[in-house]
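# Breakdown of the fold
Residues per chain are reported as follows:
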Amino acid sequence: MTLSQTSSPPAPPDSETVLEADGLTKHFAVRKSGRQALTRTPRVVHAVDDVTLRLRRGRVTALVGESGSGKSTVARLLAQLYPRTGGDIRLHGESVTVKGGRRFRAYNRKVQMIFQDPFASLNPVHTIRYHLTRALRIHGNGGSGHGKTGAAELQQALEQLLERVQLTPAARYLDKFPHELSGGQRQRVAIARALAADPDALLADEPVSMLDVSIRLGVLNLLRDLKERLSLAILYITHDIASARYFADDTMVMYAGRMVEGGSSEAVTQHPAHPYTQLLISSAPDPDRILGLGTPDDTEDTSGGEPPSLIEPPAGCRFNPRCPSAMDICRSELPPRFDVPVPVELSATVLAGTIDGESPHWAACWLFDENHGGTGTSGSTAPAGTEASQ
Ligand SMILES: Nc1ncnc2c1ncn2[C@@H]1O[C@H](COP(=O)(O)OP(=O)(O)OP(=O)(O)O)[C@@H](O)[C@H]1O
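Residues numbered from 1 in each chain as written. Predicted model: local features only at pLDDT ≥ 70, side-chain atom pairs only at ≥ 80, totals over all residues. Heavy atoms only, no water.

### A word on the sheet that holds strand β4 (residues 86-91)
In sheet architecture, strand pairing relies on hydrogen bonds along the backbone and comes in two forms, parallel and antiparallel. As a reminder, the rule being used: Note on pairing: two strands pair once DSSP finds at least 2 bridges between them. Secondary structure elements are defined from DSSP: runs of H or I of at least 4 residues count as helices, runs of E of at least 2 residues count as strands, and each element is numbered from the N terminus. In what follows, a contact means two residues having at least one pair of non-hydrogen atoms within 4.5 Å. Working convention: axes come from line fits to C-alpha atoms, limited for helices to the stretch in contact. Angles between N-to-C directions cover 0 to 180 degrees.
Taken together, the four strands give an open sheet; going across it, the order is β2-β1-β4-β5, and neighbouring strands pair in antiparallel fashion. Both edges of this open sheet fall to β2 (44-56) and β5 (94-95), since each of them pairs with a single strand only. Pairing analysis gives two bridges linking β4 to β5, with the strands arranged antiparallel. Looking at β5, one finds that Leu91 is bridged to Glu94. Each of β1 (17-29), β2 and β4 is contacted by helix α1 (residues 71-78), which is oriented at about 120° to β1, the strand it contacts most.

Laid out in structure tokens, this is it:
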């Protein structure tokens, strides 16, 4: 995973990288009402600003942050469900922008999304067989489709899918309706449906937060097993940084539409550098959280203040109004990413998962600028810009 806060030139594609984004930006227009409608300046929600990330084959990358930080918008942009305001998305090194139709289906075959609520994502009037058959056929993976051979091929493909998500024997589940399954089983069906496309990347938006605490770990373990067996690149969106440590190889932390820290999960969660990441970790002290056992409500913590308005985000670092260590520069200059030194005891494991030229741990925080007494070194990014004009 490589991330930067600035528009540095894209790194050359490598065989490991499945999906990457550079400078991804999404501003939603705010509808004006009453007297506001007379003003000429259009107002926008800065949901995602200048996000750069890379998803690699056989690795889980966690995207962590409070509610409203822009995580789901990043996933939807990567899935091409939203048009983007700016930036580039590359699949296997090729720039892609699709708006629907055949090109969207071709992209969607390679990049699949799993949503938070498995009940809402399955149609209650159709059986599991219907959902999976449809997904296989749409993506051309349901066999030849004709005669007895076609039917046997389809049946085999359906059974394989359910076996992959550990719903066995498949016959027990195929003709059930979604309401006849538990939440965990429904999420496994939603994962099976995503796998029907034979994707290279899975974008999982809070895939366990609506599930009963007792079954979360099983679903996370399933995703990890699929990552390994199918070499999938997985984006795991969560509020819960402790589950990221348990489950993800790499972790990125997002605050108010911007990436503030990233690197190996080991480094980011054990030695958080950005004051915001430190706040997230200190508000998730319960070791059970590492097993994804927190509930959606108790993993949400806004201690130490509230996130800012994304219509008029603060100048400089967006965390500065809440930051206990804020300096003058934090209030005016957007921090670029700085490399964070990796402790000796972590360096072997952390560096093993790092590809050439990428930082194993970085933070977009002036505290790591040598000129401000920090210990970090400036990353390979362009100089800081300012948000004062936004
Ligand atoms: N369609 C939309 N129109 C206008 N604003 C939107 C839209 N979708 C999201 N936003 C705003 O963009 C910001 C980021 O939202 P997003 O859902 O991406 O955050 P999130 O981190 O995924 O939050 P949660 O964890 O609660 O899902 C929020 O301020 C949200 O209100």
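There is more to say after this.
### Topic: the packing of helix α3 (residues 128-138) against helix α6 (residues 183-195)
Just so we agree on the cut-off: Between 65 and 115 degrees an angle is taken as roughly perpendicular, under 35 as roughly parallel, over 145 as roughly antiparallel, and anywhere else as oblique. In this scheme the handedness of a crossing depends on how the near helix is turned from the far one: anticlockwise by less than a right angle means left-handed, clockwise means right-handed.
In the contact formed by α3 and α6, the axes pass within 8 Å of each other and the chain directions differ by 20°. Taken as axis vectors, α3 and α6 run roughly parallel relative to one another. In this structure, α3 meets α6 at a crossing whose hand is right-handed. Between α3 and α6, the residues in contact are Ile128, His131, Leu132 and Ala135 and Val189, Ala192 and Arg193, respectively.

### Points about the layout of surface pockets
Heads up, the rule is: A pocket here means an open set of points on a 1 Å grid, computed over the protein atoms alone, that has protein on both sides within 12 Å along at least five of seven lines. A cavity is instead a set of points where a 1.4 Å probe fits but cannot get out; residues with an atom within 4 Å of a point line either one. Grid points are joined across faces, edges and corners, and a volume is the space filled by probe spheres set on the points. Residue polarity is assigned by list, with Asp, Glu, Lys and Arg as charged and Ala, Val, Leu, Ile, Met, Phe, Trp, Tyr, Cys and Pro as nonpolar; anything else, Gly included, falls into the polar class.
Of the volumes computed, that of the largest pocket is approximately 470 Å³. Forming the walls of the largest pocket are 22 residues, and the residues nearest its centre are Asn108, Gln112, Met113, His139 and Arg193. If you tally residues by element for the lining of the largest pocket, the top one is α3, at five residues. Of the residues contributing to the lining of the largest pocket, the split by class is twelve nonpolar, seven polar and three charged.

### Details of the site of the ligand
Worth spelling out the cut-off: What makes a residue near a molecule or strand is one non-hydrogen atom of that residue sitting within 4 Å of it. Polar contacts, as counted here, are pairs of nitrogen or oxygen atoms within 3.5 Å of one another; within protein the pair requires one atom able to donate a hydrogen and one able to accept it, and residues that are adjacent in sequence qualify only if both atoms are side-chain atoms. Per-residue accessibility takes into account occlusion by the displayed protein chains alone, with areas from the Shrake-Rupley method and a 1.4 Å probe.
The full set close to the ligand counts 14 residues, and Ser67, Gly68, Lys71, Ser72 and Thr73 are the nearest of them. Residue Ser69 places a main-chain N or O atom 3.0 Å away from an oxygen atom belonging to the ligand. Within the backbone of Ser72, a nitrogen or oxygen atom sits 2.8 Å from an oxygen atom of the ligand. Burial of the ligand by the protein chains amounts to 62% of its free accessible area of 630 Å². Within the residue set of the shell around the ligand, elements represented by two or more residues are β2 and α1. Counting residues per element, the shell around the ligand draws most heavily on α1, at three residues.

### Some points on the nonpolar core
Our working definition: The definition of a nonpolar core used throughout is a set of buried Ala, Val, Leu, Ile, Met, Phe, Trp, Tyr and Cys residues joined through side-chain atoms within 4.5 Å. Only protein chains enter the accessibility calculation, which uses a 1.4 Å probe. A residue is then buried if its area is under 20% of the maximum for its type, exposed if over 50%, and partly exposed in between.
Ranked by size, the top nonpolar core spans 55 residues in total, and within it Leu132, Leu162, Val165, Ile191 and Tyr276 carry the most contacts. Those residues in contact with Val165, other than ones at most four positions away along the chain, are Arg188, Ile191, Ala192, Leu195 and Leu222. With 33 residues, the next largest nonpolar core counts Leu24, Ala79, Tyr107 and Met259 among its residues.

### Here we look at the pattern of salt bridges
Where charged atoms of side chains with opposite charge meet at close range, the side chains can pair. Let me state the cut-off plainly: Salt bridge, as used here, is a side-chain nitrogen of Lys or Arg placed within 4 Å of a carboxyl oxygen of Asp or Glu.
Enumeration according to the criterion identifies 15 salt bridges in this entry. In this structure, Arg318 engages Asp49 in a salt bridge whose closest nitrogen and oxygen atoms are separated by 2.6 Å. Within this pair, whereas Arg318 is found in the loop between α11 (296-299) and β11 (338-339), its partner Asp49 is found in strand β2, the two being separated by 269 residues in sequence. Residue class for Arg318 comes out buried when judged on its relative accessible area of 3%. Ionic contacts of the salt-bridge type, sharing partners, join the residues Glu20, Asp22, Arg54, Asp88 and Arg90 into one network.

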